Amino acid sequence: MAMEIHKSAEDYLEAMLMLKEERGYIKSVNIAEKLNVSKPSVSTAVKHLRENGYITMDRSGFITLTDSGMEIASKIYDRHKTLTVFFQMLGVDSDTALDDACKVEHDISDQTFKAIKKQIKKMA
């Protein structure tokens with residue numbers, strides 16, 4: 001990652017990747033629904049993400065993650081899924097595991113995350 005990116009931007013990029021996987025396309029209105037934020041908030045975020053080269057938007061409003069946007073989104077989404085599974089393996093209920101994974105995914109160090117992945121393989 002060339003530059004530091006805010007947690008909220010990571011959340012937007014992750015949501016975009018999830019929408020792409022779920023629907024096959026990304027539109028601002030769907031981002032607002034997924035993140036439970038206002039359309040003006042999405043417009044502002046999309047503008048900044050586009051200016052920083054993380055996404056592109058065509059004339060019809062379809063959003064595409066650039067390579068750098070996809071790199072960040074994939075990293076956060078992988079952490080999200082892995083941490084959710086790990087917390088569930090520890091006996092945490094699904095909803096709590098999902099919520100906690102969202103809180104931890106941005107702040108956990110690479111070293112600790114790699115150790116968790118290693119532990120999951122041992123536990124599986």
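Heads up: the structure comes first, above all this text.
These figures come from a predicted structure and were not determined experimentally.

**Student:** Which residues make up helix H1 (residues 7-23), and what values go with them?
**Tutor:** Each α-helix turn comprises 3.6 residues. Residues three or four places apart therefore point the same way. In this model H1 runs 24 Å from its N-terminal to its C-terminal C-alpha over 17 residues, within 8% of the 24 Å that 1.5 Å per residue would give. Within H1, burial applies to Ala 9, Glu 10, Tyr 12, Leu 13, Glu 14, Ala 15, Met 16, Leu 17, Met 18 and Leu 19. Where H1 is buried, its residues contact helix H2 (28-35), helix H3 (39-51), strand S1 (55-57), strand S2 (63-65) and helix H4 (67-89). One or two positions beyond H1, positive phi appears at Gly 24, with a value near 90°.

**Student:** Describe the nonpolar core, listing the residues and the values that go with them.
**Tutor:** By size, the foremost hydrophobic cluster in this structure holds 23 residues, and its most contacted members are Leu 13, Met 16, Ile 31, Leu 49 and Ile 55. Those elements giving two or more residues to this core turn out to be H1, H2, H3, S2 and H4. Apart from residues lying up to four places away in sequence, Ile 31 is in contact with Tyr 12, Met 16, Leu 19, Ile 26, Val 42 and Ile 63. Formed by nine residues, the second largest nonpolar core is a distinct cluster that contains Leu 83, Phe 86, Ala 101 and Ile 116.

Criteria and thresholds
Residues numbered from 1 in each chain as written. Predicted model: local features only at pLDDT ≥ 70, side-chain atom pairs only at ≥ 80, totals over all residues. Heavy atoms only, no water. Helix = DSSP H or I, 4+ residues; strand = E, 2+ residues; numbered from the N terminus. Expected span 1.5 Å × (residues − 1). Buried < 20%, exposed > 50% of the residue type's maximum accessible area, 1.4 Å probe, protein only. Contact = heavy atoms within 4.5 Å. Core = buried A, V, L, I, M, F, W, Y, C linked by side-chain atoms within 4.5 Å.

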